[in-house]
Amino acid sequence: MATQASRAAGRLMISPAVILLFLWMIVPLGMTIWFSFLRYNLLIPGDNPFVGIENYQYFFTDPNFWPALWNTLTLVLGVLAITTIGGILLALLLDQPMFGQGIVRVLVIAPFFVMPTVSALVWKNMFMNPVNGLFAWIARTLGFAPFDFLSAAPLFSIILIVAWQWLPFATLILLTALQSLDSEQLEAAEMDGAGAVSRFFYIMLPHLARAATVVILIQTIFLLSVFAEILVTTNGGPGNASTNLTYLVYSQSLLQYDVGLGSAGGIVAVILANIVAIFLMRMIGKNLET
Amino acid sequence: MGQIELKGVTKQFGDVEVIPPLDLQINEGEFVVFVGPSGCGKSTLLRLIAGLEDTSGGKIFIDGKDATDLRPAQRRLAMVFQSYALYPHMSVRKNIAFPLKMAKLSQAEIDKKVEGAAKVLNLSSYLDRRPGQLSGGQRQRVAIGRAIVREPAAFLFDEPLSNLDAALRVNMRLEISELHNSLKTTMIYVTHDQVEAMTMADQIVVLQAGRIEQVGSPLDLYRHPRNRFVAGFIGSPKMNFIGGAEAAKHSAHEIGVRPEHIKAGQSGEWQGRVTVSEHLGSDTYLHVQTDHGLINVRADGEIGLHHGDTVWLTPDPACIHKFDANGMTI
Ligand SMILES: Nc1ncnc2c1ncn2[C@@H]1O[C@H](COP(=O)(O)OP(=O)(O)OP(=O)(O)O)[C@@H](O)[C@H]1O
Ligand SMILES: [Mg+2]
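Fair warning: this is a prediction, and the values are worked out from it, not measured in the lab.

1. A word on the overall build of chain B
Each helix and strand in chain B was counted, giving nine helices and 18 strands. Judged by the C-alpha coordinates and their principal axes, chain B covers about 75 × 45 × 35 Å. Out of the 330 residues belonging to chain B, those deemed buried represent 50%. Once local pairs closer than 6 in sequence are excluded, the contacts in chain B between residues at least 24 apart make up 62%. When the accessible surface of chain B is split by element, carbon and sulfur atoms take 48% of a total near 15100 Å². Distance between charge centres in chain B, computed from 36 positive and 38 negative side chains, equals 8 Å.

Below you can see the structure in the form of structure tokens.
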């Protein structure tokens with residue numbers, strides 16, 4: 001869009017979509033903010049008086065708040081680490097010419113099509129179950145005591161499950177990025193004396209930086225609000241060992257029927273997500289420039 | 001250093017034989033140009049020498065040593081790609097320094113060599129830019145810079161100038177020739193530009209379908225083409241070929257005369273009518289319809305002939321090439 005007129009026309013053209021999206025976002029957000037200042041419990045009928053920041057005080061002083069915050073960050077960072085590193089390795093593998101390439105690629109993408117609830121149930125009952133699970137069977141076959149994943153290492157188990165779901169996404173994006181790398185660049189590097197490892201670190205990895213940034217940004221947005229996997233497997237427990245912020249908001253507002261408190265938690269989660277997003281943009285957003 | 005020898009080298013892609021057994025000797029310090037029609041295997045041959053493709057048969061010797069199974073980096077050759085193949089995320093300085101860094105030179109040495117190369121190639125003021133912020137000619141120079149810092153035994157160029165505009169191409173052509181004169185390193189250069197081949201080469205290798213048709217100095221090929229293909233390929237505008245009775249007069253199956261060896265005038269051997277005349281200022285290219293077919297003539301700039309005019313053409317008898325039925329020169 002080079003000229004002033006075309007820019008103005010462009011703005012005009014996209015304004016309906018922007019206005020609709022803005023309303024779509026601002027109405028629920030506004031109502032949530034409004035509810036968060038009310039004493040609004042479904043179990044206590046009557047009017048809903050304005051109580052200022054009382055709900056926020058309750059939320060922050062909840063003994064589960066800090067552990068939940070910590071769990072959220074651990075979950076996000078853990079899954080990001082597994083999916084980006086694993087995704088790069090898998091993409092490198094899938095980029096090699098091999099027999100049955102098409103089918104292998106479809107198989108790799110498959111986990112992404114499985115609903116979070118279903119995949120969590122599959123993991124819980126078929127893999128991690130200490131009695132019937134595959135892992136328990138492997139452990140017993142090898143003569144070890146079965147490990148009860150979901151009660152002994154609940155957060156780690158959930159990280160595994162979520163990482164399994166997101167690995168295909170990361171792999172797919174990184175694979176397409178890898179395939180867009182000009183083969184002459186690799187050949188030039190080869191002639192310049194770079195071995196396979198140097199070629200990976202000096203040529204491929206910088207080329208993948210932008211795709212990896214996209215993977216990290218998109219995943220972070222979704223990982224901050226992981227919920228189904230926790231609900232299905234551990235219910236946030238044992239204790240609060242696998243409660244993240246989303247789950248905390250759920251347990252406070254829905255399990256205790258406190259709309260006001262839940263809204264306050266929601267707003268806190270929104271603010272935290274924005275802080276994380278700003279950090280991310282600062283740290284890696286420059287990869288997206290030009 | 002920089003003598004390359006191919007002995008019976010072949011290359012197949014699947015069932016397709018792109019290079020039939022081929023022998024070639026490139027002497028130290030020579031500027032050798034590979035020319036040939038598109039798809040004849042010029043790039044493939046270059047990549048075989050570079051080690052980017054495995055040979056299907058035969059041996060490649062570099063400086064007398066068998067290099068057939070050496071990896072590209074061990075052959076001490078540097079290549080300049082048509083697409084430049086610069087590393088987009090590195091500055092010009094880092095691009096040029098990359099081969100030195102891979103060779104594990106000290107930082108001081110790297111800096112010295114990069115500065116040196118940048119000076120030779122007029123890149124000093126661009127060292128901290130990214131390739132994306134350079135013009136085509138500058139990028140080309142960076143690619144050459146990356147090649148010369150390694151002080152290779154030979155340079156390989158694959159159509160390095162084909163992405164540049166005409167004026168820049170002339171400039172870069174001169175720069176590469178100068179570079180060759182000052183470095184005296186063997187250079188192998190692929191092109192399908194006539195002018196580049198004629199002006200830069202010590203030796204031209206004319207290829208067709210992977211076979212070497214002729215090897216020789218530019219003027220040698222121009223004056224004494226070994227066969228009809230080379231005669232038609234070298235020289236611009238193309239040589240005129242005339243068969244039938246006119247050829248029989250010279251006891252040949254076909255004769256060839258270059259457009260610059262035909263005189264156009266008011267009287268002569270062949271009568272014809274001008275169909276198109278292209279006035280270039282210095283020259284006029286006449287397309288003349290005669291009884292022997294369409295004949296191109298390169299005439300004086302001031303000749304003043306136009307569409308529809310009648311002319312007589314006279315070939316220079318000393319410059320008539322004769323070919324037998326197999327297309328070989330008699
Ligand atoms: N990787 C490959 N697999 C199969 N065939 C190939 C491959 N690379 C090249 N060829 C074939 O080999 C022949 C020679 O190709 P090459 O690239 O060497 O031609 P070229 O002389 O460089 O042509 P141009 O002047 O158009 O660059 C072509 O017919 C091409 O189709
Ligand atoms: Mg080519």
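2. Here's the deal with the pairing of strand S7 (residues 154-158) of chain B
When a strand is regular, its side chains alternate between the sheet's two faces. Residue and element names in this part refer to chain B. Burial analysis of S7 places five of its five residues in the buried class, which makes it a mostly covered element. In S7, alternate side chains face the same way, and those of Ala154, Leu156 and Asp158 on one face and Phe155 and Phe157 on the other are all buried. As paired strands, strand S6 (residues 77-80) and S7 are joined by four bridges and run parallel to one another. Following the sheet pairing, Ala78 is matched in S7 by Phe155. Bridge count between S7 and strand S8 (residues 186-190): five bridges; the pairing is parallel. Paired with Ala154 across the strands is Thr186, a residue of S8. For the segment spanning S7, helix H5 (residues 166-183) and S8, crossover handedness is right-handed.

3. Observations concerning the interface of chain B and chain A
Contacts between the two partners involve 22 residues from chain B and, on the opposite side, 15 residues from chain A. Together chain B and chain A conceal approximately 1700 Å² of surface at their shared face, both sides included; 62% is due to carbon and sulfur atoms. When residues of chain B are sorted by the area they lose upon contact with chain A, B:Tyr87, B:His89 and B:Met102 head the list and together hold 28% of the total. Joining chain B to chain A, the criterion identifies three salt bridges.

4. Quick notes on the pattern of salt bridges
Within this structure, the stated rule accounts for 16 salt bridges over all chains. In this structure, A:Asp192 engages B:Arg150 in a salt bridge whose closest nitrogen and oxygen atoms are separated by 4.0 Å. Of this pair, A:Asp192 sits in the loop between helix H9 (183-191) and helix H10 (196-223) while B:Arg150 is found in the loop between helix H4 (136-148) and S7, placing the two residues in two different chains. Given the relative accessible area of 7%, A:Asp192 is considered buried. B:Glu53 is paired through a salt bridge with B:Lys11; the nearest N and O atoms lie 3.8 Å apart. Of this pair, B:Glu53 sits in the loop between helix H1 (42-50) and strand S4 (57-62) while B:Lys11 sits in strand S1 (residues 4-13), and the two are 42 residues apart along the sequence. Here B:Glu53 matches B:Lys11 in class, with each residue buried. Linked through salt bridges whose partners overlap, the residues forming this network are A:Glu187, B:Lys11, B:Arg47 and B:Glu53.

5. Thoughts on empty space enclosed by the protein
For the structure on display, the rule yields three cavities of 30 Å³ or more. Counted as a void, the largest cavity has a volume near 50 Å³. As for the largest cavity, its lining consists of A:Ala188, A:Met191, A:Asp192, B:Ala78, B:Met79, B:Phe81, B:Ala143, B:Arg146, B:Ala147 and B:Arg150. When contributions to the lining of the largest cavity are tallied by element, the ones reaching two or more residues are H9 of chain A together with S6 and H4 of chain B. Counting residues per element, the lining of the largest cavity draws most heavily on H4(B), which supplies three residues. When its residues are assigned to classes, the lining of the largest cavity shows seven nonpolar, no polar and three charged.

6. Here we look at the domain arrangement of chain B
Residue and element names in this part refer to chain B. Structurally, chain B comprises domain 1 (4-232) and domain 2 (244-323). Just the C-alpha atoms count here: the centres of domain 1 and domain 2 sit 38 Å apart. Listed per partner, the contact involves seven residues of domain 1 and six residues of domain 2. Of the roughly 550 Å² buried where domain 1 meets domain 2, counting both sides, 47% is carbon and sulfur surface. In terms of surface lost to domain 2, no three residues of domain 1 exceed Tyr222, Arg228 and Ala231, which account for 79% of the buried area on that side.

7. A few points about unusual backbone geometry
All names here are of chain B. A cis geometry characterises the amide bond from Ser236 onward to Pro237, with omega recorded as 0 degrees. Note that Pro237 resides in the loop between helix H8 (228-233) and strand S11 (240-243). Within the chain, Lys104 stands out as a residue other than glycine whose phi angle is a positive 60 degrees. Its place among the elements puts Lys104 in the loop between helix H2 (92-102) and helix H3 (107-120).

8. Remarks on the site of ligand 1
Residue and element names in this part refer to chain B. Around ligand 1, the neighbouring residues are Phe13, Val18, Ser38, Gly39, Cys40, Gly41, Lys42, Ser43, Thr44, Glu159 and His192. Contact distances for ligand 1 include 3.2 Å between an oxygen atom and a backbone N or O atom of Cys40. Between ligand 1 and Ser43 there is a distance of 2.6 Å, counted from an oxygen atom to a side-chain nitrogen or oxygen. Starting from 640 Å² of accessible surface for ligand 1 in isolation, the protein chains cover 56%. Ranked by residue count, the leading element in the shell around ligand 1 is H1, at three residues. Here the residues of the shell around ligand 1 are counted per class, giving three nonpolar, six polar and two charged.

9. Quick notes on the nonpolar core
One finds B:Ile4, B:Leu6 and B:Phe34 to be the most contacted residues of the largest nonpolar core, which totals 56 residues. Top element by residues in this core is H10(A). It accounts for seven residues. In this view, B:Ile4 contacts B:Leu24, B:Gln25, B:Ile26, B:Ile49, B:Phe61, B:Ile62, B:Leu77, B:Ala154 and B:Ile188; residues no more than four positions away in its chain are not counted. Counting 45 residues, the second-largest nonpolar core is a separate cluster that includes B:Val114, B:Leu121, B:Leu123 and B:Phe233.

10. Some points on the environment of B:Leu219
Looking at where B:Leu219 falls in the secondary structure, it is placed in helix H7 (residues 218-223). Note: C-alpha distance between B:Leu219 and B:Thr329 (110 residues apart in sequence) is 16 Å.

11. Side note on a nonpolar patch on the surface
Residues and elements named next belong to chain A. A cluster of nonpolar side chains, contributed by Ile19, Phe22, Leu23, Met25, Ile26, Val27 and Met31, occupies part of the molecular surface with about 640 Å² of accessible area. Mapped onto the elements of the fold, Ile26 is located in helix H1 (residues 4-36). By relative accessible area, Ile26 is classed as partly exposed at 30%.

Cut-offs applied
- Residues numbered from 1 in each chain as written.
- Chains lettered and ligands numbered in written order.
- Predicted model: local features only at pLDDT ≥ 70, side-chain atom pairs only at ≥ 80, totals over all residues.
- Heavy atoms only, no water.
- Helix = DSSP H or I, 4+ residues; strand = E, 2+ residues; numbered from the N terminus.
- Buried < 20%, exposed > 50% of the residue type's maximum accessible area, 1.4 Å probe, protein only.
- Contact = heavy atoms within 4.5 Å.
- Areas by Shrake-Rupley, 256 points an atom, 1.4 Å probe, with all protein chains shown as cover.
- Lys, Arg positive; Asp, Glu negative; His and termini not counted.
- Charge placed at Lys NZ, Arg CZ, Asp CG, Glu CD.
- Pairing = 2+ DSSP bridges.
- Right-handed = clockwise from strand over helix to strand, strands pointing away.
- Buried area = accessible area lost by both parts, 1.4 Å probe.
- Salt bridge = Lys/Arg side-chain N within 4 Å of Asp/Glu carboxyl O.
- 1 Å grid on protein atoms, 1.4 Å probe; cavity = no way out; pocket = protein on both sides within 12 Å on 5 of 7 lines; lining within 4 Å.
- Points joined across faces, edges and corners; volume = space filled by probe spheres on them.
- Nonpolar A, V, L, I, M, F, W, Y, C, P; charged D, E, K, R; others polar.
- Domains from an automatic or database assignment.
- Near = heavy atom within 4 Å.
- Polar contact = N/O pair within 3.5 Å; in protein donor to acceptor, adjacent residues only side chain to side chain.
- Core = buried A, V, L, I, M, F, W, Y, C linked by side-chain atoms within 4.5 Å.
- Patch = residues over 30% accessible without salt bridge, like charges linked within 9 Å, V, L, I, M, F, W, Y side chains within 5 Å.

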